[in-house]
Amino acid sequence: MSVDRSPRRCVPDPACVTEAVGSERACDTLLMCIVTVMNHGLRNGGGVGDVLRKPSKNEPLFPARVLYDLLFYFIVIIIVLNLIFGVIIDTFADLRSEKQRKEEILKTTCFICGLERDKFDNKTVSFEEHIKLEHNIWNYLYFIVLIREKNRTDYTGPESYVGLMIKNKNLDWFPRMQAMSLVVTDGDGEQNEMRMLQDKLGSTTKVVTTLTSQLNELKEQMTEQRKRRQRMGFADVQAGNAAAAVVPPSAAGGNSLSHQN
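Residues numbered from 1 in each chain as written. Predicted model: local features only at pLDDT ≥ 70, side-chain atom pairs only at ≥ 80, totals over all residues. Heavy atoms only, no water.

Q: Report on the overall build of the protein chain, specifying residues and quantitative values.
A: The number of helices and strands found in the protein chain is 7 helices and 4 strands. Secondary structure of the protein chain in N-to-C order comes out as β-β-β-β-α-α-α-α-α-α-α. For the protein chain, with 261 residues in total, the buried portion stands at 18%. Sequence separation of 24 or more characterises 45% of the internal contacts of the protein chain that already satisfy a separation of 6 or more. Accessible area of the protein chain: about 20,800 Å², with a carbon and sulfur share of 61%. (Helix = DSSP H or I, 4+ residues; strand = E, 2+ residues; numbered from the N terminus. Buried < 20%, exposed > 50% of the residue type's maximum accessible area, 1.4 Å probe, protein only. Contact = heavy atoms within 4.5 Å. Areas by Shrake-Rupley, 256 points an atom, 1.4 Å probe, with all protein chains shown as cover.)

Q: Hey, could you go over the nonpolar core for me, with residue numbers and the actual values?
A: Formed by 17 residues in total, the largest nonpolar core has its most connected members in L115, I166 and W173. For this core, the elements supplying multiple residues, two or more each, are α4 (137-149) and α5 (157-167). With sequence-adjacent residues up to four places away left out, I166 is seen in contact with I144, I147, R148 and W173. (Core = buried A, V, L, I, M, F, W, Y, C linked by side-chain atoms within 4.5 Å.)

Q: An account of the pattern of salt bridges is requested, with residue identities and associated values reported.
A: For the structure shown, the criterion picks out 5 salt bridges. For D69, the salt bridge is made with R65, and the minimal N-O distance between the two is 3.1 Å. Taken as a pair, D69 and R65 lie in helix α2 (residues 62-108) at a separation of 4 residues, close to a single helical turn. Just as D69 is buried, R65 falls in that class too. The partner of R101 in a salt bridge is E98, and the shortest N-O contact between them spans 2.7 Å. With R101 and E98 both in helix α2 and 3 residues apart, this pair spans about one turn of that helix. Classification of R101 by relative accessible area gives partly exposed; the value is 45%. (Salt bridge = Lys/Arg side-chain N within 4 Å of Asp/Glu carboxyl O.)

Q: Talk me through the layout of surface pockets; I want residue IDs and the actual numbers.
A: When its volume is computed, the second largest pocket comes out at roughly 200 Å³. Forming the boundary of the second largest pocket are I147, R148, R152, Y155, S160, G163, L164, I166 and K167. Elements that contribute at least two residues to the lining of the second largest pocket include exactly α4 and α5. Top contributing element to the lining of the second largest pocket by residue count: α5, with 5 residues. Taken together, the residues of the lining of the second largest pocket break down into 4 nonpolar, 2 polar and 3 charged. (1 Å grid on protein atoms, 1.4 Å probe; cavity = no way out; pocket = protein on both sides within 12 Å on 5 of 7 lines; lining within 4 Å. Points joined across faces, edges and corners; volume = space filled by probe spheres on them. Nonpolar A, V, L, I, M, F, W, Y, C, P; charged D, E, K, R; others polar.)

Q: Kindly report on the packing of α4 against α5, identifying the contributing residues and their values.
A: Where α4 meets α5, the closest approach of the two axes is 10 Å, and the angle between their N-to-C directions is 90 degrees. Overall, the two elements α4 and α5 adopt an arrangement that is roughly perpendicular. Note on element contacts: α5 touches α4 through E159, V162, G163 and I166, opposite F143, I144, L146, I147 and R148. Considered class by class, the residues forming the contact of α4 with α5 number 6 nonpolar, 1 polar and 2 charged. (Axes fitted to C-alpha atoms, helices over the stretch in contact; angles between N-to-C directions. Parallel < 35°, antiparallel > 145°, perpendicular 65-115°, else oblique.)

Structure, rendered in structure tokens:
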């Protein structure tokens, strides 16, 4: 393998020939072949074929040389390098996505309690007020530094408890998934719900009482009408019996004979 470093010149003939005076051998050993291919093959747009000797089309190995140059170009330059670049780009894209996700979590989630922004919607305390006043990360850091720098004999009860937790690397002293503002708000909400339920229960009781009284009145009216109908029927029966008793038998017989005639 020889690297072509000679300038080209064109003669009056139709073809352009290359001088072989300036060429040098660059692939006498395996190491030099690897170095030459890595150095010239990857830096050139067309592959290692750009620095090799240009064979004539009349040579018997011309088709093999063309195939070699094309394979090197497609496999190494196009496929392998693009795979490497693709892996690098995907890695940086994943790192960027992970960074953006962490930033989004820090913007929408409290670092101390872990509550998200939507938990403070329609509450008396907003999410910004919560992370600045209630669960300020710097206040917790200052408290940890105070416990580490303060003499243990001067600890208060809470400071002794937190100091022991920090020594054991235990984070149970952090208010996880809870906040004072949400506790107070939830308590007020429960009281309001209880009041609303009591009011609804009272109104429902009044409606039931009214319906019960109306049903009792309707029942009394139905009973009174039934009694009146029974009385009227009993009076009609008595009147019919009395009329039958007043008519004499002869009159009854005469009437029957006249009807027969």
